Amino acid sequence: MTINHEEALDIQKAICSVIDRLKDAYKAWHPSTTSYALKDVRSCIFEGLLKSLNNYFIALIPLRGIEMTPILSIDSEHTAKSLSAEYLTYCKLAYLLNIWVLVEELFRDIVSHLGLPEKEDPSIKKVIKSCLAVCKLNRWVDFLTILRLMRNSFHNNGVHTSKGEAGTYTWNGESTTFEFGKAISGYFVSEKFLVVEVQ
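J.: Lay out the pattern of salt bridges with the relevant residues and their values.
T.: Evaluation of the coordinates by the stated rule reveals 4 salt bridges. Across the salt bridge formed by Arg108 and Glu104, the nearest N and O atoms sit 3.2 Å from each other. Highlighted residues: Arg108 and Glu104, both in helix 3 (residues 77-114), separated by 4 residues, approximately one helical turn. Given a relative accessible area of 24%, Glu104 falls into the partly exposed group. In the salt-bridge network here, residues are joined through shared partners; they are Lys125, Arg148 and Glu165.

J.: Give a description of the confidence of the model for the protein that names residues and reports values.
T.: Mean pLDDT over the protein works out to 75, with 78% of the residues at or above the 70 mark. Taken element by element, the predicted model of the protein shows its lowest mean pLDDT in helix 2 (residues 41-59) (74) and its highest in strand 1 (residues 167-171) (88).

J.: Break down the nonpolar core for me, with residues and values.
T.: Formed by 45 residues in total, the largest nonpolar core has its most connected members in Tyr56, Phe107, Leu147, Met150, Phe188 and Phe193. Sorting elements by how many residues they give to this core places helix 3 first, with 10 residues. Once residues within four sequence positions are removed from consideration, Tyr56 is found in contact with Ile11, Ile15, Leu88, Cys91, Lys92, Tyr95, Glu191 and Val195.

J.: Run through the layout of surface pockets, naming residues and quoting values.
T.: Here the idea is plain: a probe the size of a water molecule rolls over the atoms and shows the empty space left. Taken as a whole, the second largest pocket encloses approximately 600 Å³ of empty space. Mapped onto the lining of the second largest pocket, the elements with two or more residues apiece are helix 2, helix 3, helix 4 (124-134) and helix 5 (141-152). Examining the composition of the lining of the second largest pocket, we find that 6 residues originate from one element, helix 3, more than from any other.

What counts and what doesn't
Counting restarts for each chain, with residues numbered from 1 along the sequence as it is written. It should be noted that, the model being predicted, local features are given only for residues of pLDDT at least 70 and side-chain atom pairs only at 80 or more, the latter also being counted only at that level, while totals for whole chains, interfaces and linings use all residues. To get the side-chain values, take all heavy atoms of the structure and skip hydrogens and water. Here, a salt bridge means any side-chain nitrogen of Lys or Arg that lies within 4 Å of a carboxyl oxygen of Asp or Glu. Only DSSP runs of H or I covering at least 4 residues are called helices, and only runs of E covering at least 2 are called strands; the numbering of each starts at the N terminus. Buried means the residue's accessible area, taken with a 1.4 Å probe over protein chains only, is under 20% of the maximum for its type, while exposed means over 50%, and partly exposed covers the values in between. For every residue, the pLDDT score states the predictor's confidence, bounded by 0 at the bottom and 100 at the top. For this analysis, a nonpolar core means a set of buried residues of the types Ala, Val, Leu, Ile, Met, Phe, Trp, Tyr and Cys, connected via side-chain atoms within 4.5 Å. Note on definitions: a residue-residue contact is assigned when non-hydrogen atoms from the two residues lie within 4.5 Å. As defined here, a cavity is a set of points on a 1 Å grid over the protein atoms alone where a 1.4 Å probe fits but cannot get out. A pocket is an open set with protein on both sides within 12 Å along at least five of seven lines, and residues line them when an atom is within 4 Å of a point. Grid points are joined across faces, edges and corners, and a volume is the space filled by probe spheres set on the points.

Right, dumping it as structure tokens:
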């Protein structure tokens, strides 16, 4: 994949479109004390989301066409584009990984507060299913399954390898097919989903 300056700016605009809402949510649950032990779980989650988005935003600065002092001496346009593409891929994967860590932390905290028997089956797939069922939020099952499958593809360089969960998944009218042995592509790897929908 390659990215031009306009696309880098578009991604940053998408990030900016959700930052203020996240800040408001964070402030709503942020306690007056600075003790981490006394922070509301929601405050910790929103703080983590803000940090992940800010890191993604900053990482895109070199791709925006702003004049900067080069760190490397690159002898061809092809090499420069390849490095830019690899850099963007790294940033996107790091962002998605941070988001999933926060999602998993959130659901394990919920399990603990609800007193659900997590120890009987500690897999995050079962933990999420139990939480959503108890809270009557099953409409989020597909969304979280998509996010989990994308995260799991990291182990295989972006290739989907779960035969039992291969198929077409839909969220907000957009669909992508997860095929065994093939790289994940389509709407769910776009910033519209990863930044706007996920936040």
